[in-house]
Amino acid sequence: MSAALPPFPKPEETVGPPELLRLGTGFEEDEPCLRADAARNRARLLEAAGRLVAEHGAAAVTMEAVAAAASVGKGTVFRRFGDRTGLLMALLDHSEKKFQAALLSGPPPLGPGAPPVERLRAFGCAMLRRSVDELELQLAAEPSAERRYTSPPRRFLRGHVALLLRQAAPDADSELLSHTLLAYLDAALVHHLTAQCGVPSERLRDGWLDLVARVTRTECPA
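All values reported here derive from a predicted model rather than from experimental measurement.

Student: Quick question: what am I supposed to make of the overall build of the protein here?
Tutor: A tally of helices and strands in the protein yields ten helices and zero strands. The secondary structure elements of the protein, listed N-terminal to C-terminal, are α-α-α-α-α-α-α-α-α-α. Looking at the protein alone, contacts between residues at least 24 apart form 65% of all its contacts between residues at least 6 apart. Accessible area for the protein stands at about 12700 Å²; split by element, carbon and sulfur atoms hold 57% of it.

Listed below in structure tokens is the structure:
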């Protein structure tokens, strides 16, 4: 008979509220010192880039297209982000920070104040909506295999799911199950199911709600 697997290591205890984790674009070191107008310009450029991704896909995000969408000169975009790669990384960083802020301090059920099962449901539904809206961008920024599970955004999201699982199902192995639940929301899987298999996003959402109900032994909402 094979030996039993060793216990999963317990996560380190954290003190105080979790901090927002950033992807790091290489252009944020001067951000605290940005003039108010420069900060507004940067936000306007990122919002314009986000609209282009949502409407036309990541391939449509060029320095020229973003400048035109934001009604600024092309040189402004180059000065702010350096090149297209810097722009895409800044855009993903911007989206990640907004999502993390919603988890930490936004209204319930995505943010604090709702029961953990409701927050798990809302988390997955929000992740699926985000993946559908930003799918090409997320796929383009997919970490390499050795960094896929150790990148700061991934660690933040997995820690959030593990925390909710510990509250909703105290007797479960929340560390392993958090990886399992996040695997359902993986951008590459969402792309395969929606683009290659034709699965409608509503079915993915229903599948997430069913998965949470089974893991937490609760009723699936109608």
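Having seen it, we continue.
Student: Where do I start with the environment of C220 in this structure?
Tutor: Relative to the helices and strands, C220 is located in the segment after α10 (201-216). Look at C220 and you get partly exposed, because its relative accessible area is 36%. Counting along the chain gives twelve residues from C220 to W208, while the straight-line C-alpha distance between them is 9.8 Å. Those residues within four positions of C220 in sequence are excluded, and the remaining contacts are L209, D210 and A213.

Student: Just checking my understanding: could you explain the packing of aromatic side chains for this structure?
Tutor: When we look at a pair of aromatic rings, we describe it by the centre distance and by the angle of the planes. Overall, the coordinates contain two aromatic pairs when judged by the stated rule. Between the aromatic rings of F99 and F123, the centroid separation amounts to 6.1 Å while the plane-to-plane angle is 45 degrees, which identifies the pairing as tilted. Taken together, the positions of F99 in helix α4 (residues 84-105) and F123 in helix α5 (residues 116-133) put the pair 24 residues apart, joining distant regions of the chain. Here F99 matches F123 in class, with each residue buried. Residues Y184 and W208 carry aromatic rings whose centres are separated by 6.0 Å and whose planes lie at 45 degrees to one another, so their mutual orientation is tilted. Highlighted residues: Y184 in helix α8 (residues 174-184) and W208 in helix α10, separated in sequence by 24 residues.

Student: I would appreciate a short explanation of unusual backbone geometry in the present structure.
Tutor: One can expect most non-glycine residues to show negative phi and most peptide bonds to be in trans. With an omega of 5 degrees, the peptide bond between P108 and P109 qualifies as cis. A positive phi is found at S71, a non-glycine position, where the angle reads about 60 degrees. Relative to the helices and strands, S71 resides in the loop between α2 (63-70) and α3 (74-81). Its relative accessible area of 65% is what places S71 among the exposed residues.

Student: How do you make sense of the nonpolar core when you look at a structure like this?
Tutor: Generally speaking, soluble globular proteins have nonpolar side chains that are buried together. Grouped together as the largest cluster of nonpolar side chains are 29 residues, with contacts concentrated most on F99, F123, L157 and W208. Put simply, the parts of the chain that give this core at least two residues each are α4, α5, α7 (152-168), α8, α9 (187-196) and α10. For this core, the leading source of residues is α5, giving eight residues. Judged by nonpolar contacts, the second largest core, of 19 residues, contains L52, A67, F81 and L91.

Student: Is there a simple way to think about the pattern of salt bridges in this case?
Tutor: Opposite charge on two side chains allows them to pair when their charged atoms are near. Applying the stated rule across the entire model yields ten salt bridges. Between K97 and D93 there is a salt bridge; the shortest N-O distance is 3.7 Å. On the criterion of helical spacing, the pair formed by K97 and D93 is a turn pair, its members being four residues apart in helix α4. Per residue, the accessibility class of K97 equals that of D93, and both read buried.

Student: What should I look at first to understand α8 in this one?
Tutor: Each α-helix winds once per 3.6 residues, and so residues spaced three or four apart point in a common direction. Regarding α8, the residues found buried are S174, E175, S178, L181 and L182. For α8, the angular spread of the buried residues around the axis is 120 degrees, confining them to a single face. Contacts made by the buried residues of α8 are with α5, α7 and α10.

Student: Sorry, what's going on with α10 here?
Tutor: With 16 residues, α10 should reach 22 Å at 1.5 Å per residue; the first-to-last C-alpha distance of 23 Å fits that figure. Taken residue by residue, α10 has L204, W208, L209, V212, A213, V215 and T216 as its buried positions. Just downstream of α10 lies R217, where phi reads positive at about 55 degrees.

Thresholds, definitions, all that
Each chain has its residues counted from 1, following the order in which its sequence is written. For a predicted model such as this one, the threshold for reporting local features is a pLDDT of at least 70, and the threshold for listing and counting side-chain atom pairs is 80 or more; totals across whole chains, interfaces and linings nevertheless cover every residue. The basis for the side-chain values is all heavy atoms of the structure; hydrogens and waters are excluded. In this description a helix means any DSSP run of H or I spanning at least four residues, a strand means any run of E spanning at least two, and both kinds are numbered starting from the N terminus. Contacts are assigned to residue pairs with any non-hydrogen atoms lying within 4.5 Å of each other. Using a 1.4 Å probe, the Shrake-Rupley method yields the accessible areas, and only the shown protein chains count as cover for residues. Residue burial is assigned from relative accessible area. The probe radius is 1.4 Å, only protein chains are included, and a residue is buried under 20% of its type maximum, exposed over 50%, and partly exposed in between. Geometry of aromatic contacts follows a simple scheme: Phe, Tyr and Trp rings, the Trp one being its six-membered ring, pair when their centres are within 6.5 Å, and the pair is stacked under 30 degrees between planes, edge-to-face over 60, tilted otherwise. We define the nonpolar core as a collection of buried residues of types Ala, Val, Leu, Ile, Met, Phe, Trp, Tyr and Cys that are connected through side-chain atoms lying within 4.5 Å of one another. Within this document, salt bridges are pairs made up of a side-chain nitrogen of Lys or Arg and a carboxyl oxygen of Asp or Glu, the two lying within 4 Å of each other. Within this analysis, the arc is defined by the directions that extend from the helix axis to the C-beta atoms. Given a helix with a known number of residues, its expected span is that number minus one, times 1.5 Å.

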